[in-house]
Amino acid sequence: MSNFQERVKIAKSFGGASDSYDVSARLQRFSGKHLMPWLPNRHDLTVLDLGCGTGFFTDILASQYEQVIGLDISTKMLNFAKQKRNKAITWVEADAFKLPFADNSLDFIYTNLVIQWCEPLQDSLNEMMRVLKPGGLVAFSTLIDGTLFELKSAWKQVDDDQHVIDFRTLESLESAVNQGAFRLLESKQQDVILEYENVIHLARELKGLGANHVPKKRNKGLAGKDKWQKMETSYSDFQEPGGVYPATYKVYSGLLVKLSD
Ligand SMILES: C[S@@+](CC[C@H](N)C(=O)[O-])C[C@H]1O[C@@H](n2cnc3c(N)ncnc32)[C@H](O)[C@@H]1O
């Protein structure tokens with residue numbers, strides 16, 4: 001399947017979750033808020049929220065900047081955002097790999113938990129580089145290797161299919177973002193451990209976020225009852241004393257600048 005076809009599927013998966021997204025977005029809220037200290041102080045800026053989802057952070061950006069654009073590949077996410085958010089925001093349905101903006105036209109790109117879906121990452125970074133003005137900034141967050149290791153390990157006891165997407169290693173991410181005209185000015189890494197009542201609760205949250213599309217999964221159907229039960233039993237090795245099920249998210253945030261020629 002081509003990268004474009006994969007992106008259509010990702011859009012569909014997120015679109016199907018637009019109504020439930022905001023109640024399931026604990027991690028997104030956390031990582032998005034941690035990008036706030038990197039927001040530029042000037043207000044007369046043109047700002048893009050790339051992969052804006054339901055527009056929660058686009059709304060916050062709109063309270064600070066003159067021109068704010070919320071862009072997403074999913075029609076349903078955008079429809080939700082249009083109804084709920086600040087009417088001054090411009091909403092654009094487009095792919096991060098083909099941004100409908102002129103070269104050197106934006107001052108700041110905010111992109112919270114999106115680039116882990118962008119493959120090949122270098123192509124989407126090049127596109128951000130193209131549309132940013134020299135001196136422009138990108139504040140991004142993503143997930144790195146080790147994310148959902150409990151779920152990965154539990155599935156490994158069951159079969160050798162891929163049930164969780166591949167997350168980049170720290171080294172590969174840092175070398176990808178520190179290329180061409182981009183320089184990584186600042187970065188931070190946080191392990192966020194969320195708690196779940198049971199494994200179904202975790203699976204529902206991932207589905208509610210639209211983050212359940214796994215491109216390399218061979219068996220596209222739902223896992224059978226036996227497999228699921230085996231996975232749940234394996235996951236209970238990680239259960240905490242109070243009975244809760246932890247899931248680890250390794251959140252990486254970075255601030256990039258586009259150098260002048
Ligand atoms: C985890 S959600 C994050 C949404 C939002 N940034 C937030 O903080 O709540 C990822 C979003 O990225 C969008 N997305 C994924 N791939 C994309 C692409 N190639 N181009 C544009 N948007 C994309 C999805 O449709 C989804 O709305």
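If you're wondering where the values come from, they're calculated on a predicted model, not measured in any experiment. (Residues numbered from 1 in each chain as written. Predicted model: local features only at pLDDT ≥ 70, side-chain atom pairs only at ≥ 80, totals over all residues. Heavy atoms only, no water.)

Peer 1: Mind showing me how you'd approach the overall build of the protein chain here?
Peer 2: Assigned secondary structure in the protein chain consists of 10 helices and seven strands. Along the first, second and third principal axes, the C-alpha atoms of the protein chain reach 55 × 40 × 40 Å. Going through the 261 residues of the protein chain one by one, you find that 52% of them count as buried. Sequence-distant contacts in the protein chain: of pairs separated by 6 or more residues, those separated by 24 or more amount to 78%. Accessible surface, the protein chain: about 12,600 Å² in total, of which carbon and sulfur atoms supply 51%. Here the protein chain carries 31 positive and 33 negative side-chain charges, and the mean point of each set is 4 Å from the other. (Helix = DSSP H or I, 4+ residues; strand = E, 2+ residues; numbered from the N terminus. Buried < 20%, exposed > 50% of the residue type's maximum accessible area, 1.4 Å probe, protein only. Contact = heavy atoms within 4.5 Å. Areas by Shrake-Rupley, 256 points an atom, 1.4 Å probe, with all protein chains shown as cover. Lys, Arg positive; Asp, Glu negative; His and termini not counted. Charge placed at Lys NZ, Arg CZ, Asp CG, Glu CD.)

Peer 1: Where do I start with the UniProt feature "domain: Methyltransferase type" (unreviewed entry) in the protein chain in this structure?
Peer 2: Per the UniProt entry, the sites bearing "domain: Methyltransferase type" (unreviewed entry) are residues 48-140 in this numbering. Strand forms 31% of residues 48-140 and helix 30%; the C-alpha atoms that close the span are 12 Å apart. (UniProt positions renumbered as here; feature names shortened; annotations may be inferred.)

Peer 1: Looking at this structure, how should I read the sheet that holds strand 4 (residues 106-112)?
Peer 2: What holds strands together in a sheet is hydrogen bonding between their backbones, with the strands either parallel or antiparallel. Sheet architecture is open: seven strands sit in the order 3-2-1-4-5-7-6, paired in mixed fashion. Each edge of the sheet is formed by a strand with only one pairing partner; in this case those strands are strand 3 (90-93) and strand 6 (182-196). Adjacent strand axes in the sheet meet at a mean angle of 15°, parallel and antiparallel pairs treated alike. Pairing analysis gives 14 bridges linking strand 6 to strand 7 (residues 245-258), with the strands arranged antiparallel. Note on strand 7: the bridge partner recorded for F182 is K258. Packed onto the sheet, helix 8 (residues 170-177) meets strand 5 (132-143), strand 6 and strand 7 and runs at close to 145° relative to strand 6. (Pairing = 2+ DSSP bridges. Axes fitted to C-alpha atoms, helices over the stretch in contact; angles between N-to-C directions.)

Peer 1: Would you mind going over the environment of L209 with me for this structure?
Peer 2: Tracing the sequence through the fold places L209 in the loop between helix 9 (199-208) and helix 10 (225-235). When its relative accessible area of 5% is taken as the criterion, L209 is described as buried. Separated by 97 residues in sequence, L209 and N112 place their C-alpha atoms 13 Å apart.

Peer 1: I'm lost on the packing of aromatic side chains in this one. Help?
Peer 2: Aromatic ring pairs: the centre-centre distance and the angle between the two ring planes describe each pair. Counted by the stated rule, this structure contains eight aromatic pairs. Judged by centre distance (4.9 Å) and plane angle (85°), the ring pair of F56 and F57 falls under edge-to-face. Linked through ring pairs, F149, Y235, F238 and Y245 together constitute an aromatic cluster. Note that R7 overlies the ring of F97, its terminal NZ or CZ placed 3.6 Å from the centroid. In this structure, R26 is placed above the aromatic ring of Y196, and the distance from its NZ or CZ to the ring centre is 4.9 Å. (Phe/Tyr/Trp six-rings, centres within 6.5 Å; stacked < 30°, edge-to-face > 60°. Lys NZ or Arg CZ within 6 Å of the ring centre and 35° of its normal.)

Peer 1: Please clarify how the pattern of salt bridges should be interpreted in this entry.
Peer 2: It is possible for side chains of opposite charge to pair when their charged atoms get near one another. As enumerated under the stated definition, the model contains nine salt bridges in all. E205 serves as the salt-bridge partner of R26, at 3.1 Å between the closest nitrogen and oxygen. Residue R26 is found in helix 3 (residues 26-33), and its partner E205 is found in helix 9; the two are separated by 179 residues along the sequence. When its relative accessible area of 34% is taken as the criterion, R26 is described as partly exposed. Between D44 and R42 there is a salt bridge whose closest N-O contact spans 2.9 Å. Residue classification places D44 among the partly exposed residues on the basis of a relative accessible area of 41%. Under the relative-accessibility criterion, R42 is labelled exposed at 54%. Connected through shared salt-bridge partners, D103, E127 and R130 make up one network. (Salt bridge = Lys/Arg side-chain N within 4 Å of Asp/Glu carboxyl O.)

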